Amino acid sequence: MLHERTYAILGAGTMGQAVLRGLVTRAGVDPRRVVATVKHADRAEAVATALGVRVNTDNVSAARTADVILLATKPKDVMALLETLREAGALDHQPLVISIAAGVTLARIEAALPPGARAIRAMPNTPCVVGEGMTVLSRGQRATNADLELGCAVFRNLGRARVLDEEHLDTVTGLSGSGPAFIYLVIEALSEGGVMMGLPRAVAVELAAQTVAGAARMVLETGRHPASLKDDVTTPAGCTVAGLMEMEDGKIRSVLARTVQVSTLAAAGLGKPKG
Ligand SMILES: NC(=O)c1ccc[n+]([C@@H]2O[C@H](COP(=O)([O-])OP(=O)(O)OC[C@H]3O[C@@H](n4cnc5c(N)ncnc54)[C@H](OP(=O)(O)O)[C@@H]3O)[C@@H](O)[C@H]2O)c1
């Protein structure tokens, strides 16, 4: 399905490049079927060399040739970009438009598209860069089942992908979109503990990161509740329960839950017009 389409990745930054890599390197889409754009001309060549696809600053030409257009600029730039494309007639061939811009609703995107155009909103995260991403996709009013399948196929190259109603996307942004940063902080803190107790820093970081990755895999692959997995590690009167009590005293549960709450509320404010 992916191999028969042409793609324009508008905004080949961190996320745009991850999607490009997924299409070309992981899915084996012919690089000639993909074109990408950036804002600054001097960045285009570096990105083109790194990824082996055409990269320029001409959004209109890129969009005109594409069956699938990925909007991957910053949220504040997305509406102006759509307006430029629409005014130039670059969406008249009715491509599928997939936006990954945090906080920019499907209603706003669809209002900026020509009548009948199909849109999907997706919220990926940065582990897409290493093929361990989590992406949630929401269907626009006119997007078909085939569009949604195609969107999921694009992001399954980059990790996991699932479909949810758009009403959940701010929460998705606050949990899996922003979540890698929260977990980096946890990894940093665990490593700091290892360093404090005598481990070399590089070793401590490796141990902490692989422990987080391994624990995550246990949850995903066993399908068991995290609390039940935690109980398995917790010997009566042992060292793990002692550590867990310290975490509970520090209110880590509510701190992390509130972190997602605050991040979700902030996500809801992204992409809104100023004033
Ligand atoms: N990063 C995340 O964790 C994450 C997670 C989920 C969703 N998202 C969403 O993904 C989108 C991109 O985020 P990012 O982190 O990848 O940002 P980024 O690394 O800053 O990339 C943005 C890219 O857009 C390009 N750009 C800016 N204006 C443009 C224009 N008018 N035409 C064409 N290209 C233009 C920039 O070009 P230059 O390189 O020339 O400056 C840059 O390559 C955002 O909407 C964000 O909400 C990000």
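Residues numbered from 1 in each chain as written. Predicted model: local features only at pLDDT ≥ 70, side-chain atom pairs only at ≥ 80, totals over all residues. Heavy atoms only, no water.

Caption draft 1: Structural view of unusual backbone geometry. Positive phi outside glycine occurs at Gln94, with the angle close to 60°. Tracing the backbone through its elements, the reader meets Gln94 in the loop between helix 4 (75-87) and strand 5 (96-99). One non-glycine residue, Lys251, lies in positive phi territory at about 60°. Assignment of secondary structure puts Lys251 in the loop between helix 11 (239-249) and helix 12 (252-269). Under the relative-accessibility criterion, Lys251 is labelled exposed at 56%. (Helix = DSSP H or I, 4+ residues; strand = E, 2+ residues; numbered from the N terminus. Buried < 20%, exposed > 50% of the residue type's maximum accessible area, 1.4 Å probe, protein only.)

Caption draft 2: The packing of helix 8 (residues 179-196) against helix 9 (residues 201-222), seen in detail. Orientation of helix 8 relative to helix 9, taken along the N-to-C sense of each, is 135°, at an axis distance of 8 Å. It follows from the interaxial angle that helix 8 and helix 9 lie oblique. The handedness of the crossing between helix 8 and helix 9 is right-handed. Counted together, Ile183, Ile187, Leu190, Ser191, Glu192, Gly194 and Val195 of helix 8 and Arg201, Ala204, Val205, Ala208, Ala209 and Val212 of helix 9 form the full contact between these two elements. Tallied by class, residues from the contact of helix 8 with helix 9 come to nine nonpolar, two polar and two charged. (Axes fitted to C-alpha atoms, helices over the stretch in contact; angles between N-to-C directions. Parallel < 35°, antiparallel > 145°, perpendicular 65-115°, else oblique. Left-handed = near helix turned anticlockwise from the far one by under 90°. Contact = heavy atoms within 4.5 Å. Nonpolar A, V, L, I, M, F, W, Y, C, P; charged D, E, K, R; others polar.)

Caption draft 3: Inspection of the site of the ligand at higher detail. Not every one of the 21 residues close to the ligand is listed here, only the nearest: Met15, His40, Arg43, Asn59 and Thr73. Note that an oxygen atom of the ligand is positioned 2.8 Å from one of the backbone N or O atoms of Met15. Interatomic distance of 2.9 Å between a side-chain N/O atom of Asn59 and a nitrogen atom of the ligand. Taking 900 Å² as the accessible area of the ligand by itself, protein coverage stands at 81%. Of the residues assigned to the shell around the ligand, the class counts are 10 nonpolar, eight polar and three charged. (Near = heavy atom within 4 Å. Polar contact = N/O pair within 3.5 Å; in protein donor to acceptor, adjacent residues only side chain to side chain. Areas by Shrake-Rupley, 256 points an atom, 1.4 Å probe, with all protein chains shown as cover.)

Caption draft 4: Spotlight on the packing of helix 1 (residues 14-26) against helix 2 (residues 41-51). Two numbers describe how helix 1 lies on helix 2: the axes approach to 11 Å, and their chain directions differ by 30°. As far as their axial angle goes, helix 2 and helix 1 are roughly parallel. Between helix 1 and helix 2 lies a crossing whose hand is right-handed. Judged by residue contacts, Gln17, Leu20 and Arg21 of helix 1 engage Arg43, Val47 and Leu51 from helix 2. Counted by class, the contact of helix 1 with helix 2 contains three nonpolar, one polar and two charged residues.

Caption draft 5: Here's a closer look at the sheet that holds strand 5. Overall, mixed pairing links the eight strands, which are arranged 3-2-1-4-5-6-7-8 in an open sheet. Since the sheet does not close on itself, it has two edges, and those belong to strand 3 (54-56) and strand 8 (159-163), each with one partner. Within this sheet the neighbouring strands show an average axis-to-axis angle of 20°, counted without direction. Of the pairings in the sheet, the one linking strand 2 (residues 34-37) to strand 3 comprises three bridges and is parallel in character. Bridge pairing links Ala36 to Val55 in strand 3. The sheet strands contacting helix 1 are strand 1 (7-10), strand 2 and strand 4 (68-71), and the helix crosses strand 1 at an angle near 160°. (Pairing = 2+ DSSP bridges.)

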